[in-house]
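Coordinate inspection notes
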Amino acid sequence: MATKLDTQELERKVKDIYRNVADAPDDEFHFEMGRPLAERLGYPPADLDRIPGDALESFAGVGYHVDLADLQPGDAVLDLGSGSGTDAFVAALHVGESGRVTGLDMTDEQLTKARRLRDRAGLETVAFERGYIEELPFADESFDVVMSNGVINLSAAKDRVFEEISRVLAPNGRLAVSDIISEEQMPDSIKTDADLWAACIGGAMQIDDYTDVIETPGFDVTELRENTEYEFTSDRAQSACHRYGVKSISLAAVRR
């Protein structure tokens, strides 16, 4: 009988990792973090200068996609897996006082930190809600843009995630994602390893399958680029990257 991924164990491990990302960003992880990473991935320093520095210290994204989101003043934006708030705060700069940004995360420590930083900075257009990306607690067609950075690969139900994104986006709404994919099919020994899923390796889909699961609920992928500046830091993660072509990409899509 084939081994299956224990999704409850996966959730526990993901929460454990990102609890530490929020509260102990100087610890060692499978991945790099902080402002130097954000700048290398393409975040404009001028934007980073205008958001809370304590959010940036817990930044654990895998790419830059704010330009792909084509944010406009007045847009309603949803950031899935918002962590300590870096992408939500950057988005707020672009949508202005007439727009709104909602971050969604399942980890209490991340939410607590993001809300504290938001309140300290007086960013009244930004909200952070607790929830799961497979079951979005929002009304149909309530956002103009959905963003996500290095999070969807952590889900064991990616088809459900993109169905939910399609549901909450307005017609012609925009999706901008950075995530981890693989060039080759990985073995069950990796895909059923909750530790490697939580490290953003085990849940990486092959790129063709990833774009298919986006397009199925009604999206057209309009741009896709590889984030060559992103790399994993642990030996175990790097080994999987070299063997199976695990890498970071950013993409844009439009809801039909």
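As a reminder, the structure under discussion sits directly above these lines.
**What about the packing of aromatic side chains?**
The tally for this structure, following the rule as stated, stands at eight aromatic pairs. When the centroid spacing of 4.6 Å and the interplanar angle of 65° are considered together, the rings of Y43 and Y64 count as edge-to-face. Within this pair, whereas Y43 is found in the loop between α2 (35-41) and α3 (45-48), its partner Y64 is found in the loop between α4 (53-57) and α5 (66-69), the two being separated by 21 residues in sequence. Each member of the pair, Y43 as well as Y64, carries the same accessibility label: buried. Cluster of aromatic residues (ring-pair linked, three or more members): Y18, F29 and F31.

**Here we look at a negative patch on the surface**
A grouping of D208, D209, D212 and E215 is seen on the molecular surface, where their side chains present a negatively charged patch. Among the secondary structure elements, D209 is positioned in helix α11 (residues 207-215). Classification of D209 by relative accessible area gives partly exposed; the value is 35%.

**Re the pattern of salt bridges**
This model, assessed by the stated rule, comprises 22 salt bridges. Between D16 and R19 there is a salt bridge, and its shortest N-O distance comes to 2.7 Å. With D16 and R19 both in helix α1 (residues 7-23), this residue pair falls three residues apart, about one helical turn. The residue D49 makes a salt bridge to R35 at a minimum N-O spacing of 2.8 Å. Taken as a pair, D49 in the loop between α3 and α4 and R35 in helix α2 lie far apart in primary sequence, 14 residues in all.

**What to know about unusual backbone geometry**
With phi around 50°, D70 is a residue other than glycine that occupies positive phi space. With respect to the secondary-structure elements, D70 resides in the loop between α5 and β1 (76-80). We note that E141 has phi near 55°; this positive angle belongs to a residue other than glycine. Tracing the chain through its elements places E141 in the loop between β3 (126-130) and β4 (143-149). Owing to a relative accessible area of 44%, E141 belongs among the partly exposed residues under this scheme.

**Observations regarding α1**
Its 17 residues give α1 an end-to-end C-alpha distance of 24 Å, which sits within 8% of 24 Å, the value for a rise of 1.5 Å per residue. Of all the residues in α1, the buried ones are L10, V14, K15, I17, Y18, V21 and A22. On its buried side, α1 packs onto α7 (108-121), β3 and α10 (194-198). The N-cap of α1, judged by a side-chain oxygen 3.1 Å from the amide nitrogen of Q8 a few residues on, is D6.

The rules behind each value
Residues numbered from 1 in each chain as written. Predicted model: local features only at pLDDT ≥ 70, side-chain atom pairs only at ≥ 80, totals over all residues. Heavy atoms only, no water. Phe/Tyr/Trp six-rings, centres within 6.5 Å; stacked < 30°, edge-to-face > 60°. Helix = DSSP H or I, 4+ residues; strand = E, 2+ residues; numbered from the N terminus. Buried < 20%, exposed > 50% of the residue type's maximum accessible area, 1.4 Å probe, protein only. Patch = residues over 30% accessible without salt bridge, like charges linked within 9 Å, V, L, I, M, F, W, Y side chains within 5 Å. Areas by Shrake-Rupley, 256 points an atom, 1.4 Å probe, with all protein chains shown as cover. Salt bridge = Lys/Arg side-chain N within 4 Å of Asp/Glu carboxyl O. Lys, Arg positive; Asp, Glu negative; His and termini not counted. Charge placed at Lys NZ, Arg CZ, Asp CG, Glu CD. Expected span 1.5 Å × (residues − 1). Contact = heavy atoms within 4.5 Å. Polar contact = N/O pair within 3.5 Å; in protein donor to acceptor, adjacent residues only side chain to side chain.

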